[in-house]
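Examination of the molecular architecture
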Amino acid sequence: MGSRANNNDDHTRRCDTLAAGGVGTMNTPVSRATAPDFYHYDHCPLGAAVVEGDFVHLRWPDDKKLACHRFWLRENAVGQGGIDIATREGILDPADLTDDIAVKSAAVDDSGDLIIEWAHDGQRSAYHAGWLRHVADNQHRPASWLPEAVSWTTDSIGEVPRVDGSRALESDDVVLSLVNNLLIYGACVLENSPTHEGYLLELAERIGPVRDSNFGMLWDVKADVELAGDSTTNSTANTGFRLGPHSDLPTREIPPGFQFLHCLINDADGGESTLTDGAALVEAIERDHPEAFELLSTRHWIFFNRGPGIDHRWSAPIIDYLPGCDTPTIRAFYPVRAFPAMANEDVSRSYDALRLFHRMADQPEFELKFRLTAGDIMCFDNRRVLHGRDAFTGSGKRHLQGVYIDRDEIMSRGRALNRAARSIDH
């Protein structure tokens with residue numbers, strides 16, 4: 001199983017070798033330049049710098065290359081009107097990028113850093129060669145320091161990944177294992193957690209801000225057989241009905257990224273939990289049922305929350321490829337899918353595609369089924385992994401508490417922890 005985080009280790013080994021002259025030189029140069037952020041960068045001495053038009057072309061001894069535009073270099077000049085030394089954020093207004101900002105000369109100093117002399121004001125700017133190398137190696141992109149997602153079926157994964165959560169509030173290793181499982185598989189159960197109410201808010205402080213919704217920051221799922229059909233509950237989840245594979249809040253422009261469901265009590269008969277990897281499901285539909293895939297990914301439905309005092313609505317396809325996302329957002333909660341928003345001639349075919357989608361999502365090939373016990377926290381990517389629950393078959397109660405944490409926060413925590421773990425290893 002590949003991991004982009006492992007590629008970062010390869011980068012470190014390359015830079016260590018280059019800094020040592022490739023032959024284990026004892027007098028390894030040390031960068032004197034300040035990086036335009038708060039990370040540590042392994043030094044990676046440059047081999048050459050050449051000015052050609054608007055660009056400075058950089059080359060390392062292993063023949064890695066990077067072309068840097070003059071305006072980009074000026075924006076990233078630390079402490080010289082480009083990057084503020086305190087915040088490490090850019091302070092140069094693009095309106096002030098005048099045509100006379102030109103590179104007079106570019107050179108590599110004796111430590112291997114880039115030195116730029118500016119024609120318009122005579123200033124000299126130094127750029128950390130290791131920081132420049134991380135750009136050349138594409139470590140500045142959103143996927144950096146994150147493990148690659150892996151789609152799964154029941155045969156390939158066997159069971160949902162589990163992590164011992166008894167020390168989650170103290171151990172970065174536990175949080176890192178949880179977050180990496182979520183980013184790779186879209187799901188993980190944090191087991192052996194405390195069972196007091198509100199614990200999810202304590203856990204969230206170790207991960208990222210909770211996303212609020214009409215259900216509140218922390219919400220309860222108190223499913224009871226006797227509540228089935230009870231008019232006092234405001235969600236199908238608070239009944240004894242079966243819940244087929246679904247994603248929460250498709251009524252929002254961007255549904256919540258990750259969902260955490262903490263089992264406090266479960267002595268009910270039935271009500272087993274289910275998880276289906278929407279990524280694998282979409283791959284199978286696109287491969288085996290291309291017409292259905294086209295309908296599911298292009299024809300819109302209107303999703304509508306029917307709760308008293310709220311009116312959330314959004315129109316989108318079931319398989320929604322949001323900008324900038326390789327994995328589609330699945331909008332598949334039938335209790336709030338209210339109206340077709342398509343041409344009349346497409347409605348019948350779209351219902352056929354919709355039936356296919358839900359029938360496949362509920363097949364043993366794609367669906368994991370297991371029972372939550374007190375202390376389990378079922379965590380999953382709400383936009384990728386469909387979750388569900390069997391109907392209750394007898395007496396008893398099940399009390400869960402839940403929170404949403406957006407995908408941005410999970411990825412941010414993953415980058416920070418993966419990078420910190422790499423630093424410790426080296």
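Relevant structure appears above.
Before going into details, it helps to say that this report is about the structure given with it. As the structure is a computational prediction, the values presented were derived from the model and not from experiment.

1. Examining the overall build of the protein chain
- Each helix and strand in the protein chain was counted, giving ten helices and 21 strands.
- Intrachain contacts of the protein chain at a sequence separation of at least 6 include 75% that bridge at least 24 residues.

2. A few points about unusual backbone geometry
- Phi is positive for Asp63, close to 75°, though the residue is something other than glycine.
- Checked against the element boundaries, Asp63 lands in the loop between β2 (55-59) and β3 (65-69).
- A positive phi is found at Arg88, a non-glycine position, where the angle reads about 55°.
- Mapped onto the secondary structure, Arg88 falls in the loop between α2 (70-75) and β4 (103-108).

3. So, the packing of aromatic side chains
- Applying the stated criterion to the full structure yields six aromatic pairs.
- Ring geometry for Trp301 against Tyr351: centres 5.0 Å apart, planes inclined by 80°, an arrangement best described as edge-to-face. Taken together, the residues span a long stretch of sequence, with Trp301 in strand β13 (residues 300-304) and Tyr351 in helix α9 (residues 344-361) at a distance of 50 residues.
- Tyr351 gets classed as partly exposed once you look at its relative accessible area, which sits at 37%.
- One residue, Arg313, lies across the ring of Phe304, its end atom 4.5 Å from the ring centre.
- Above the ring of Tyr39, the side-chain terminus of Arg419 is found at 3.7 Å from the ring centroid.

4. Points about the pattern of salt bridges
- Using the criterion set out here, one finds 28 salt bridges in the structure.
- For the salt bridge of Asp172 with Arg206, the shortest nitrogen-to-oxygen distance reads 3.0 Å. You can see Asp172 sitting in helix α5 (residues 172-185) and its partner Arg206 sitting in the loop between α6 (199-204) and β9 (219-224), a full 34 residues away along the chain.
- On the accessibility criterion, Asp172 (38% relative accessible area) is partly exposed.
- With a relative accessible area of 16%, Arg206 lands in the buried category.
- Here Glu291 and Arg349 are joined by a salt bridge, their closest N and O atoms 3.1 Å apart. With Glu291 in helix α8 (residues 290-298) and Arg349 in helix α9, the pair connects residues that are 58 residues apart, well separated along the chain.

5. Re the pairing of strand β1 (residues 48-52)
- Where β1 meets β2, five bridges bridge the pair, whose relative direction is antiparallel. Bridged to Ala49 within β2 is Leu58.
- The hairpin formed by β1 and β2 contains two residues between the paired strands, and Gly53 there has a positive phi angle of roughly 65°.

6. Quick notes on the sheet that holds β3
- Here three strands make up an open sheet; going across it, the order is β1-β2-β3 and the pairing antiparallel. Strands at the two margins of the open sheet, each flanked by one partner only, are β1 and β3. Across this sheet, the average inter-strand angle for adjacent strands is 20°, counted without regard to direction.
- Inspection of the sheet shows β2 paired to β3 by five bridges, in the antiparallel sense. Each residue of the ladder has a partner; that of Phe55, found in β3, is His69.

Calculation notes
- The numbering scheme is per chain: residues are counted from 1 as the chain's sequence reads.
- Only residues with pLDDT of at least 70 get local features here, since the model is predicted, and only at 80 or more are side-chain atom pairs given and counted; chain-wide, interface and lining totals rely on the full set of residues.
- To get the side-chain values, take all heavy atoms of the structure and skip hydrogens and water.
- Secondary structure follows DSSP: runs of H or I at least 4 residues long count as helices, runs of E at least 2 residues long count as strands, and numbering of each begins at the N terminus.
- In this analysis, two residues are considered to be in contact whenever any of their non-hydrogen atoms come within 4.5 Å of each other.
- The rule is short: rings of Phe, Tyr and Trp, with Trp giving its six-membered ring, pair when the centres are within 6.5 Å, and they are stacked under 30 degrees, edge-to-face over 60, tilted in between.
- Burial classes: relative accessible area under 20% of the type maximum marks a residue as buried, over 50% as exposed, and values in between as partly exposed (1.4 Å probe, protein chains only).
- Whether a charge sits over a ring depends on NZ of Lys or CZ of Arg being within 6 Å of the ring centre and within 35 degrees of the ring normal.
- We define a salt bridge as a contact between a side-chain nitrogen of Lys or Arg and a carboxyl oxygen of Asp or Glu at a distance within 4 Å.
- Note on pairing: two strands pair once DSSP finds at least 2 bridges between them.
- Fitted lines through C-alpha atoms give the axes, limited to the stretch in contact for helices. The angle between two N-to-C directions lies from 0 to 180 degrees.

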